[in-house]
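# Summary of the model geometry
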Amino acid sequence: MQSALCQSESVRRVFNFNTNWAFYRGDAIGAEAINYDDKNWTEVSIPHTMRLEKKHNGGNRNYQGIAWYRRYFKLKKSDQGKRITVNFEGVQKNCEVFLNGEKVNEHFGGYLGFVVDITEKVKFEKNNVLAVRVSNMDDPFTPPGKAQAKLDFNYYGGIYRDVTLVISNKLYISDPLETDKIAGGGVFVTFPKVEKQRAEVNIKTHIVNRCNDNASLTLITAIKDKSGQEVASVNSKGTLTANSDQEYVQDLVVKKPSLWHPDHPYLYQLESRVYNGKDLVDLKTTPIGIRTISFKSPAGKADGFYINGEKLYLRGANRHQSYQNIGDAASNSMQWRDALQIKKGGFNAVRASHYPQSPSFLDACDQLGLLVIECEPGWQFFSKDSVFVARSFQQIREMVRRDRNHPSVFLWETSLNESPTPDYWAKEAVRIAHEEMPNDQMFTADDFFAKGRKYYDVSYKVINEDGTDPMPTMPSLTREWGDTWIADPQKENGLRASRMYTSKGLLNQCVLRQKALNGTMLEDEGGYWDHARLDANERIGGYFLWTYNDYTRGSDAVTAFSGVVDIDRYEKFGYYQLQAMQDARNPVYGPMVFIASYNNRPDLDSALVVFSNCDKVKLYRNSKLIGEQTRAGNSPTASFVAAKDGSPYYRFSAGNYEPGELKAEGIIDGKVVCSYSVKTPETPDHLEIEIADRGIQTVANGSDMIPVYIKVCDKNGTVVSNVAPLQSYELNLSVSGEGTLIGAHDPRVNVANQQAEGGIGYGIIRTTDKSGKITVNATSPGLKSANISFQSLPFNGICLADGEHVKWQQESGTNDSVSVNEIAVKQPVIKLSADMFSLLDGGRDGLEKLADGNPRTIWRTFSDKLPIELKIDLGKPFGLLGSRIIWGKDSDWYTYSLQGSSDGINWVDLISERRVSGQDYKPVFYEATQVRYIKMKLPEVLPERSKAAIGDIELYGLPLSLPN
């Protein structure tokens, strides 16, 4: 993971530029100037978020505004005549870059990197100041474009991915994000023909000569295997004239290639060497994976996904890049830990929802074997504005250019997620993607009932509402399943669950998800019709669970507890449920068994659920055998799951509840190959600390991060999990030595003095730039304390030296204000009943669902015929203050209007015609007097074939007294 920041070859020196930055939250006039007084700023390291936030920071409560960063540096005179660039991997979301007071670049968009050439501007042997002004304010012109208050994630802001400074010769291999060449720039590797005996490799290398002299150029390209042995090479010679550039196309053959596959993700190293005469002037190494993919069988049937000619069922998860407290600003090692956890969780694929994610995350997916759906930034928003359209198309180009060489990326979501994009936009988006990657390995995707099937190569959710297949020739995946936005985690009976409550919710989440996996199309059973029946669909290529991790969003104060892991990445029961979907005999995953219980609820733990992919499972309570079941015998409990080689959960009846120890054994070929036990938690006794490195040691580069868990345990070391919702314990956490606890001095986020959730606390440690011992201490009133020490490794890269500046203060928290948020206003609710509702056509079926106070009971029309007109008779006049409509399908778009009347004849507009997404369920406030009758018109529902669907209607107001 250090390779992204350093290379040993002196011809191209890559410096870690992450440390010794000064930061100011807010706008600072003149902060670009070299002599600006920044003595009151704070010292920070990159990755950095504009402000640390509380764990549950939803509801548009994170900081939105302006922030400044300044970095002082000096370069040696010996570097004069070299090319010098600063590479930003991600700045959220718009920024201006200044060098020594002069603006040198600006960038729009928070999810793709950019390059700043400072060759002609930098001073040698003198102080230089790089200043960056960052804005994470709402911007409707830059995708995703949607205002954060209505967005399903957050714009955390800041320079939140790596920054490097690169010194190279002026005869060099270009960067594809800087060059802006269609299907070009940098190194572009494709595989025209892949067979087991030989693979054809095509390499296009773009070389730039910024020298004033012609170059006698030689390009040597070689492919090396894992042992460093050269397996193929080719060289090209020619003259590259002064101040020009040229693309060199080369072809190689690798005999008997080791093919890349999620079960054996073999990577070669493609080495590109550029010589001017006999002098080596540039070197670049590109990891490559040789593979071929298709969404049709060799016979041409759209019956699944194929890699290297073999069918592979995709079991994926959706991942958001945000973390507790630090938002999106996670180090490379944190990205790798996520990929590793996803892989070990039984997944072979991940959807990078809803934006391009860190290059380090994709590097990890390449090495670990996770197929990736790459997504253009977007979520339920489209603007016809020419600037928005142009930027959306440019981001498709940059996304493909950045990630086209990753073998893990198999599908390009060149669409704005769940957005009402017009026909012309979809057509052009697909054209651009294929133009940037003009071969048969480029596949684009969108929802089937959007504009997808006209232009896209693969469609999500190819199914009719009655379960039939509308287009058997269209490749099909399900991009999201396993969640509903109206789930209430406090009730512990739905698809969102948190350990802050109890095991009841964690278990019920799994029960509903198995029903969905097994093909249910009923919402009260955890499914939905457009999930495409998942494992029950004969030709589906696979699915992507919503979600891998819990996350917060601007649109809702309640955290989205849809993950199989918490925001802090601690596993829930559902993590092990999906782990059981993989073959125990596949060495990548192996055998597993897990008891979905804390064994602390007498009302739950007499009937026990066990996850396992083994041939047989035995369950014991206090050393007594409760029972044994075989995988084959249990298969009929979810036959479609079993038919796709998954393992339905086991149910064991234990009779009367007994506290103590539960133990499960997984058996293959008559032998116990794995086991799991859980003990009933006793009285809290002490704390324990877990360094959650997942085998990835921390590096002393001044910006690496490592997470820790603090556990409240009984005398046996069992975590004291919740018996009742919201039980908690005070935890005091401190870090000493060569590491710092992020947020330790910020009383607003309470990292140093926090409350445990389900018996577990969390913190993230950032390393210093000196290797050595890091010690973590944890205390809690009335409990034995804990401490643990570990070593950070020396950093073997090159950090750019700091320049001359005043000493800055250490970063600490403040109680500064956030952006303007929508404030929940409590209004008097008018009590509605079913007999108040009627339709223009006279129908009344199901209208009682609009007034039952339960948004999960949904009224739907029987046909997709529009428009629809719904009337409400309140029976007497009201002073109306507003309304709230909870739509029946979160990914649909509804166009509606409301009118009010005192007599049913003369009408006034309450809400003029507006288009909203199905997740726009916040109240709309207005004032109207003498309203007895209300008319709701619904002229359009998108995408096509969608039907009108409403969960509930609320009206706010007070009755008016009638005259005597």
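Analysis parameters
Residues numbered from 1 in each chain as written. Predicted model: local features only at pLDDT ≥ 70, side-chain atom pairs only at ≥ 80, totals over all residues. Heavy atoms only, no water. Helix = DSSP H or I, 4+ residues; strand = E, 2+ residues; numbered from the N terminus. Rg over C-alpha atoms; globule rule 2.2 N^0.38 Å. Buried < 20%, exposed > 50% of the residue type's maximum accessible area, 1.4 Å probe, protein only. Contact = heavy atoms within 4.5 Å. Lys, Arg positive; Asp, Glu negative; His and termini not counted. Charge placed at Lys NZ, Arg CZ, Asp CG, Glu CD. Pairing = 2+ DSSP bridges. Core = buried A, V, L, I, M, F, W, Y, C linked by side-chain atoms within 4.5 Å. Axes fitted to C-alpha atoms, helices over the stretch in contact; angles between N-to-C directions. Parallel < 35°, antiparallel > 145°, perpendicular 65-115°, else oblique. Left-handed = near helix turned anticlockwise from the far one by under 90°. Nonpolar A, V, L, I, M, F, W, Y, C, P; charged D, E, K, R; others polar. 1 Å grid on protein atoms, 1.4 Å probe; cavity = no way out; pocket = protein on both sides within 12 Å on 5 of 7 lines; lining within 4 Å. Points joined across faces, edges and corners; volume = space filled by probe spheres on them. Salt bridge = Lys/Arg side-chain N within 4 Å of Asp/Glu carboxyl O. Phe/Tyr/Trp six-rings, centres within 6.5 Å; stacked < 30°, edge-to-face > 60°. pLDDT = per-residue confidence, 0-100. Polar contact = N/O pair within 3.5 Å; in protein donor to acceptor, adjacent residues only side chain to side chain. Arc of directions from axis to C-beta.

What follows is about the overall build of the protein. Check the secondary structure of the protein and you find 10 helices and 59 strands. At 29 Å, the protein has a C-alpha radius of gyration in line with the 30 Å of a compact globule built from 964 residues. Expressed along its principal axes, the backbone C-alpha trace of the protein runs to roughly 95 × 75 × 65 Å. The buried share of the protein, reckoned over its 964 residues, is 61%. Intrachain contacts of the protein at a sequence separation of at least 6 include 72% that bridge at least 24 residues. The centroid of the 113 positive side-chain charges in the protein is displaced by 2 Å from the centroid of its 119 negative side-chain charges.

Ordered in space as 21-22-23, the 3 strands form an open sheet in which the pairing is antiparallel. The two strands at the open ends of the sheet, each matched to only one other strand, are strand 21 (293–294) and strand 23 (310–311). In this sheet, strand 22 (residues 306–307) lies alongside strand 21 in antiparallel orientation, the contact comprising 2 bridges. By the bridge assignment, I293 is partnered in strand 22 with I307.

Quick look at the environment of V719 now. Mapped onto the elements of the fold, V719 is located in the loop between strand 43 (705–713) and strand 44 (730–737). Through-space distance from the C-alpha of V719 to that of V97 is 49 Å; in sequence the pair is 622 residues apart. If we skip the residues at most four places from it in the chain, V719 touches P681, K711, V712, C713, G758, G759 and I760.

The next point concerns the sheet that holds strand 51 (residues 798–799). On the basis of which strands lie adjacent, the open sheet formed by 5 strands has the order 9-5-12-1-51 and mixed pairing. The open sheet has two edge strands with one neighbour each: strand 9 (114–117) and strand 51. As paired strands, strand 1 (residues 12–16) and strand 51 are joined by 2 bridges and run parallel to one another. Residue pairing across strands places N16 opposite C799, the latter belonging to strand 51.

By the secondary structure assignment, V565 is in the loop between strand 33 (556–560) and helix 8 (573–579). Residue V565 is classed as buried on the basis of its relative accessible area of 0%. Other than its neighbours up to four places away in sequence, V565 contacts Q341, Y548, N549, D550, Y570, E571, K572 and Y575.

Here we take up the nonpolar core. Counting 75 residues, the largest nonpolar core has W425, Y543, F573 and F611 as its most contacted members. Setting aside its immediate chain neighbours within four residues, F573 contacts S503, L506, L507, C510, F594, A596, S597, Y598 and F611.

The N-to-C vectors of helix 2 (residues 332–344) and helix 3 (residues 359–368) enclose an angle of 40°; their axes lie 8 Å apart at closest approach. Taken together, the axes of helix 2 and helix 3 lie oblique to each other. For the pair helix 2 and helix 3, the crossing hand works out as right-handed. Side by side, helix 2 and helix 3 meet where N332, Q335, W336, D338, A339, L340, I342 and K343 of the first sit next to S360, F361, D363, A364, C365, Q367 and L368 of the second. Residue composition of the contact of helix 2 with helix 3, grouped by class: 8 nonpolar, 4 polar and 3 charged.

Further remarks concern empty space enclosed by the protein. What the rule picks out here adds up to 11 cavities of 30 Å³ or more. Roughly 490 Å³ of volume is contained in the largest cavity. Lining the largest cavity are 33 residues, and of these D483, T484, W485, H531 and D890 sit closest to its centre. Those elements giving two or more residues to the lining of the largest cavity turn out to be strand 30 (476–481) and strand 32 (551–553). At 3 residues, the largest contribution of residues to the lining of the largest cavity is made by strand 30. When its residues are assigned to classes, the lining of the largest cavity shows 11 nonpolar, 9 polar and 13 charged.

Attention now moves to the pattern of salt bridges. Under the criterion given, the structure shown has 65 salt bridges. The salt bridge involving R499 is made with D566; its shortest N-O contact spans 3.4 Å. One end of the pair, R499, is in the loop between strand 30 and helix 7 (503–517); the other, D566, is in the loop between strand 33 and helix 8, and 67 residues separate them in sequence. Taken individually, R499 and D566 each receive the classification buried, so the pair is uniform in this respect. Measuring nitrogen to oxygen at the nearest pair gives 3.6 Å for the salt bridge that ties K889 to D892. Take D892: its relative accessible area is 2%, and that puts it in the buried class. Connected via shared salt-bridge partners are R351, E413, E418, D447, K461, R479, E480, D530, K889 and D892.

Taken as a whole and judged by the stated rule, the model has 38 aromatic pairs. Here W21 and Y69 contribute two aromatic rings whose centre-to-centre distance is 6.5 Å and whose plane-to-plane angle is 80°, an arrangement assigned as edge-to-face. Of this pair, W21 sits in strand 2 (residues 21–25) while Y69 sits in strand 4 (residues 66–73), and the two are 48 residues apart along the sequence. Neither residue differs from the other here; W21 and Y69 are each classed as buried. With centroids separated by 4.7 Å and ring planes inclined at 45°, the aromatic side chains of F594 and Y676 adopt a geometry described as tilted.

Moving on to the confidence of the model for the protein. Looking at the protein as a whole, the pLDDT averages 93, with 97% of positions reaching at least 70. This model gives residues 1–9 a pLDDT under 50, and the stretch forms 27 contacts once residues within four places in sequence are excluded. The low-confidence segment residues 815–825, where pLDDT is below 50, has 20 contacts with residues more than four positions distant or belonging to other chains.

Before going further, it helps to examine the environment of I872. Relative to the helices and strands, I872 resides in strand 55 (residues 868–887). The exposure class of I872 is buried, given its relative accessible area of 5%. In this structure the C-alpha to C-alpha distance between I872 and C211, which are 661 residues apart in sequence, comes to 76 Å. Setting aside residues no more than four positions away along its own chain, I872 makes contact with M836, F837, R932, Y933, I934, I953 and L955.

The next point concerns the pairing of strand 16 (residues 215–224). Among the 10 residues of strand 16, 7 are classified as buried, and the element is accordingly described as predominantly covered. Taken together, the 10 bridges between strand 16 and strand 17 (residues 230–240) define a ladder with antiparallel strand orientation. Its bridge partner being in strand 17, T221 is matched across the sheet by V234. Connecting strand 16 to the next strand, strand 17, in antiparallel fashion are 5 residues, including G228 with a positive phi near 90°. Pairing geometry for strand 16 and strand 19 (residues 268–276), over 8 bridges, is antiparallel. Paired with A222 across the two strands is E271, which belongs to strand 19.

Before going further, it helps to examine the side chain of K343. Assignment of secondary structure puts K343 in helix 2. D263 provides the closest opposite charge to the buried, salt-bridge-free K343, at an N-O distance of 4.8 Å. Separated by 2.7 Å, the side chain of K343 and the backbone oxygen of P262 make a polar contact.

This next bit is on unusual backbone geometry. Cis geometry is adopted by the peptide bond preceding K93, which originates at Q92 and carries an omega value of -5°. Residue placement: K93 occurs in the loop between strand 6 (91–92) and strand 7 (94–99). The amide bond that connects S353 to the next residue, H354, takes the cis arrangement and shows omega of -10°. Of note, H354 is situated in the loop between strand 25 (349–351) and helix 3. Despite not being glycine, K461 shows a phi value in the positive range, around 60°. Summarising the element assignment, K461 is placed in the loop between strand 29 (458–460) and strand 30. With a relative accessible area of 10%, K461 lands in the buried category.

Before going further, it helps to spend a moment on the packing of helix 4 (residues 386–403) against helix 5 (residues 423–436). For the pair helix 4 and helix 5, the least separation of the axes is 9 Å and the interaxial angle reads 25°. On the basis of the axis angle, helix 4 is roughly parallel to helix 5. Considering how the two elements wind past one another, helix 4 and helix 5 form a crossing that is right-handed. Of the residues in helix 5, those in contact with V389, S392, F393, I396, R397, V400 and R401 of helix 4 are Y424, W425, E428, A429, R431, I432, A433, E435 and E436. Tallied by class, residues from the contact of helix 4 with helix 5 come to 9 nonpolar, 1 polar and 6 charged.

Let us now look at helix 6 (residues 448–455). For helix 6, the complete set of buried residues consists of F448, F449 and G452. End-on, the buried residues of helix 6 take up no more than an arc of 95°, which puts them together on one face. As for helix 6, its buried residues are in contact with strand 28 (445–447) and strand 29.

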